Amino acid sequence: MSGIVGCLGSGPCDDFVTGGGFIGGGNAKKSFGFTLGFHAGDSNPVAQFSYIDHATGMHVKVTTVTIYTPTSTTSRHIEGQCEVDQMGGYWYAIDVADNGEPGAGADTLSLMITNGYTASGTLRGGNIQIHAPCQ
């Protein structure tokens, strides 16, 4: 998991994704909020992602973005390092899809962490939005 791929920033366009909401429900609810990717003219990616699994109490916080790949006009793949319950040394992979408005019932989030944790699903609340993708 290394090497930034895709829209490399420092160009004339943005390519970043934002989102907030939850997957699952009841005791299996998993909530998140994030901004990941590149702003025009910036060669360093934004790495803000917070995730809570309410069933286990686990909290994930992204600390770096080392791979940011547009996989289609409506989806992105992101990888890098993260903290789990305030302990570093983990790697993550996130796949998001902006499948329309409103995001609930259409947009998707998938998270995998090197500690073996995985979660994915269609948003039951919230929205994922790709902003000004590179052409």
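These numbers come from a predicted model, not from an experiment.

## What about the side chain of Asp 53?
For step 1, the next point in the chain: The topology assignment puts Asp 53 in strand β3 (residues 46–53).
For step 2, the next point in the chain: No salt bridge is formed by the buried Asp 53. Its closest oppositely charged neighbour is Lys 30, at 4.3 Å.
For step 3, the next point in the chain: Among the polar contacts made by the side chain of Asp 53, one reaches the main-chain amide nitrogen of Ala 55 at a distance of 2.9 Å.

## Points about the environment of Gly 41
For step 1, the next point in the chain: Among the structural elements, Gly 41 can be located in the loop between β2 (30–38) and β3.
For step 2, the next point in the chain: Take Gly 41: its relative accessible area is 54%, and that puts it in the exposed class.
For step 3, the next point in the chain: Note: C-alpha distance between Gly 41 and Asp 14 (27 residues apart in sequence) is 8.1 Å.

## Focus: the confidence of the model for the protein
Should the pLDDT be low somewhere, the predicted coordinates at that spot are not to be read in detail.
For step 1, the next point in the chain: The pLDDT averaged across the protein works out to 89; a share of 88% of its residues lies at or above 70.
For step 2, the next point in the chain: Below a pLDDT of 50 lies the segment residues 1–10, which in the model reaches 34 contacts outside its immediate sequence neighbourhood of four places, other chains included.

## Quick look at the packing of aromatic side chains
For step 1, the next point in the chain: Applying the stated rule across the entire model yields 5 aromatic pairs.
For step 2, the next point in the chain: For the pair Phe 38 and Tyr 68, a centre-to-centre distance of 5.9 Å together with 85° between the ring planes defines the contact as edge-to-face. Of the two residues, Phe 38 is situated in strand β2 and Tyr 68 in strand β5 (residues 67–72); the sequence distance between them amounts to 30 residues. Taken individually, Phe 38 and Tyr 68 each receive the classification buried, so the pair is uniform in this respect.
For step 3, the next point in the chain: What links up through ring pairs into an aromatic cluster is the set Phe 32, Phe 34, Phe 49, Tyr 51 and Tyr 117.

## Thoughts on the pairing of strand β4 (residues 58–62)
For step 1, the next point in the chain: Taking every second residue as pointing to the same face, the buried face of β4 carries Met 58, Val 60 and Val 62, while none of His 59 and Lys 61 on the other face is buried.
For step 2, the next point in the chain: Looking at chain direction, β3 and β4 are connected through 4 bridges and run antiparallel. Residue pairing in the sheet places Ile 52 in a bridge with His 59 of β4.
For step 3, the next point in the chain: Between β3 and the antiparallel strand that follows it, β4, lie 4 residues; Gly 57 among them carries a positive phi value of about 80°.
For step 4, the next point in the chain: When β4 meets strand β6 (residues 75–84), the two strands line up antiparallel, connected through 3 bridges. Pairing of Val 62 across the sheet is with Cys 82, part of β6.

## Thoughts on the pairing of strand β7 (residues 87–97)
For step 1, the next point in the chain: Two strands pair when backbone bridges link them, and β6 and β7 are joined in this way by 9 bridges, in the antiparallel orientation. Residue pairing across strands places Cys 82 opposite Tyr 90, the latter belonging to β7.
For step 2, the next point in the chain: Between β6 and β7, which pair antiparallel in sequence order, lie 2 residues; one of them, Asp 85, sits at a positive phi of approximately 50°.
For step 3, the next point in the chain: In this sheet, strand β8 (residues 108–113) lies alongside β7 in antiparallel orientation, the contact comprising 6 bridges. By the bridge assignment, Ala 97 is partnered in β8 with Thr 108.

The rules we used
Residues numbered from 1 in each chain as written. Predicted model: local features only at pLDDT ≥ 70, side-chain atom pairs only at ≥ 80, totals over all residues. Heavy atoms only, no water. Helix = DSSP H or I, 4+ residues; strand = E, 2+ residues; numbered from the N terminus. Buried < 20%, exposed > 50% of the residue type's maximum accessible area, 1.4 Å probe, protein only. Lys, Arg positive; Asp, Glu negative; His and termini not counted. Salt bridge = Lys/Arg side-chain N within 4 Å of Asp/Glu carboxyl O. Polar contact = N/O pair within 3.5 Å; in protein donor to acceptor, adjacent residues only side chain to side chain. pLDDT = per-residue confidence, 0-100. Contact = heavy atoms within 4.5 Å. Phe/Tyr/Trp six-rings, centres within 6.5 Å; stacked < 30°, edge-to-face > 60°. Pairing = 2+ DSSP bridges.

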